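# Structure assessment
One letter stands for each residue in the lines below.
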Amino acid sequence: MALEHAILVSLTERAGSGYELARRFDRSIGYFWPATHQQIYRVLRRMDEAGWVKHTAIAQDGRPDKKVYRVAPAGRAELSRWLAEPEDPAVLRDGLGVKLRGASLGDVDVVLAEVGRHRAEHATRLEVYRGIQERDFPKPTTLHGRDLHQYLVLRGGIRAEESFVAWCDEVTAALRKDSQ
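Everything numeric here is computed off the predicted structure, so don't read it as measured data.

This part takes up the overall build of the protein. Across its full length, the protein holds seven helices and three strands. For the protein, whose C-alpha radius of gyration is 21 Å, the value lies well above the compact-globule estimate of 16 Å for 180 residues. Working note: accessible area of the protein is about 12,000 Å², and carbon and sulfur atoms make up 53% of it. When the 28 positive and 26 negative side-chain charges of the protein are each reduced to one mean point, those points stand 4 Å apart.

Here it is, written out as structure tokens:
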């Protein structure tokens, strides 16, 4: 997937400026497809030139015009094409796994501390996802369409974070037992 497709999906949900889009990425879609603000602005320019998005300039006092983007027909066609394209299954490519594999070649306690750091990051993200679920999807059995699709992606994130936290706990217990 390219950043272009993530932007198209986000803009079909709601038109917005580059700044607004970047903020949305920070709060939602960016959890699954991260991008910097600079990347988003650069890709928006390219998508505008390609005709995938169109913008409306809105005058602002004392500042440059604000460009509000929306998906153009060519962008909808590209999104439809991309949605129909097979996606390669995700491949786990994780530096922590490689460090764990090589732990016996260095200081196991350093690797154990790194596992703990990763666990804490994933536990924090899990709590963020659970908070989003409580706030935005209090009655998941009533969802349909776009809301259901967003909820299912969020549930995938929750399940992945739960699994990673549990794996870190398993690794920590095993490494501690092995060092006794």
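On to the UniProt feature "domain: Transcription regulator PadR N-terminal" (unreviewed entry) in the protein. Feature annotation in UniProt assigns "domain: Transcription regulator PadR N-terminal" (unreviewed entry) to the following positions: residues 7-80. Taken end to end, residues 7-80 is 53% helix and 26% strand, and its first and last C-alpha atoms sit 14 Å apart.

This next bit is on the environment of Gly-97. Here Gly-97 shows up in helix α5 (residues 95-101). Using a relative accessible area of 29% as the deciding quantity, one classes Gly-97 as partly exposed. Counting along the chain gives 72 residues from Gly-97 to Phe-25, while the straight-line C-alpha distance between them is 27 Å.

With respect to topology, three strands assemble into an open sheet ordered β1-β3-β2, the strand pairing being antiparallel. With one partner strand each, in any of the chains shown, β1 (16-17) and β2 (53-60) form the two edges of the open sheet. Of the pairings in the sheet, the one linking β1 to strand β3 (residues 63-71) comprises two bridges and is antiparallel in character. Paired with Gly-16 across the strands is Tyr-69, a residue of β3.

With that settled, consider the packing of helix α1 (residues 3-13) against helix α2 (residues 18-27). For the pair α1 and α2, interaxial distance at closest approach is 11 Å and the crossing angle is 100°. It follows from the interaxial angle that α1 and α2 lie roughly perpendicular. Across from Leu-3, Ala-6, Ile-7, Ser-10 and Leu-11 in α1, the residues of α2 making contact are Leu-21, Arg-24 and Phe-25. Tallied by class, residues from the contact of α1 with α2 come to six nonpolar, one polar and one charged.

Let us now look at the side chain of His-5. With respect to the element layout, His-5 can be found in helix α1. Exposure remark for His-5: the relative accessible area of 6% places this residue in the buried category. If sequence neighbours within four positions are ignored, His-5 has contacts with Glu-78, Leu-79, Arg-81 and Trp-82.

Glancing now at a nonpolar patch on the surface. The grouping of Tyr-31, Phe-32, Val-128 and Val-153 at the surface amounts to a nonpolar patch, some 300 Å² of accessible area in total. By the element assignment, Val-128 lies in helix α6 (residues 108-136).

Another aspect to go through is the domain arrangement of the protein. Assigned domains of the protein: these are domain 1 (3-84) and domain 2 (95-179). The interface is formed by five residues belonging to domain 1 together with eight residues belonging to domain 2. Summing the contributions of domain 1 and of domain 2, the shared interface buries around 530 Å²; its carbon and sulfur component is 61%. It is Glu-13, Tyr-31 and Phe-32 in domain 1 that bury the most area against domain 2; as a group they hold 88% of the surface buried on that side.

Another aspect to go through is the layout of surface pockets. In this structure, the largest pocket spans a volume of roughly 1,500 Å³. Around the largest pocket sit 38 residues that line it, and Ser-28, Ile-29, Phe-32, Gln-150 and Val-153 are the ones nearest its centre. When residues of the lining of the largest pocket are assigned to their parent elements, the largest contribution, 10 residues, is made by helix α7 (residues 145-178).

This next bit is on the pattern of salt bridges. Side chains that differ in sign of charge can pair as their charged atoms come close. For the structure on display, the rule yields 10 salt bridges. Of the charged contacts, one joins Glu-78 and Arg-81 as a salt bridge, the two residues approaching to 2.7 Å between their closest N and O atoms. Note that Glu-78 and Arg-81 are positioned in helix α4 (residues 73-84) at a spacing of three residues, about one turn of the helix. Taking relative accessible area as the criterion, Arg-81 reaches 40% and is therefore assigned partly exposed. Where Arg-135 meets Asp-136, a salt bridge forms, and the shortest distance between an N and an O atom there is 2.7 Å.

Cut-off values and rules
- Residues numbered from 1 in each chain as written.
- Predicted model: local features only at pLDDT ≥ 70, side-chain atom pairs only at ≥ 80, totals over all residues.
- Heavy atoms only, no water.
- Helix = DSSP H or I, 4+ residues; strand = E, 2+ residues; numbered from the N terminus.
- Rg over C-alpha atoms; globule rule 2.2 N^0.38 Å.
- Areas by Shrake-Rupley, 256 points an atom, 1.4 Å probe, with all protein chains shown as cover.
- Lys, Arg positive; Asp, Glu negative; His and termini not counted.
- Charge placed at Lys NZ, Arg CZ, Asp CG, Glu CD.
- UniProt positions renumbered as here; feature names shortened; annotations may be inferred.
- Buried < 20%, exposed > 50% of the residue type's maximum accessible area, 1.4 Å probe, protein only.
- Pairing = 2+ DSSP bridges.
- Axes fitted to C-alpha atoms, helices over the stretch in contact; angles between N-to-C directions.
- Parallel < 35°, antiparallel > 145°, perpendicular 65-115°, else oblique.
- Contact = heavy atoms within 4.5 Å.
- Nonpolar A, V, L, I, M, F, W, Y, C, P; charged D, E, K, R; others polar.
- Patch = residues over 30% accessible without salt bridge, like charges linked within 9 Å, V, L, I, M, F, W, Y side chains within 5 Å.
- Salt bridge = Lys/Arg side-chain N within 4 Å of Asp/Glu carboxyl O.
- Domains from an automatic or database assignment.
- Buried area = accessible area lost by both parts, 1.4 Å probe.
- 1 Å grid on protein atoms, 1.4 Å probe; cavity = no way out; pocket = protein on both sides within 12 Å on 5 of 7 lines; lining within 4 Å.
- Points joined across faces, edges and corners; volume = space filled by probe spheres on them.

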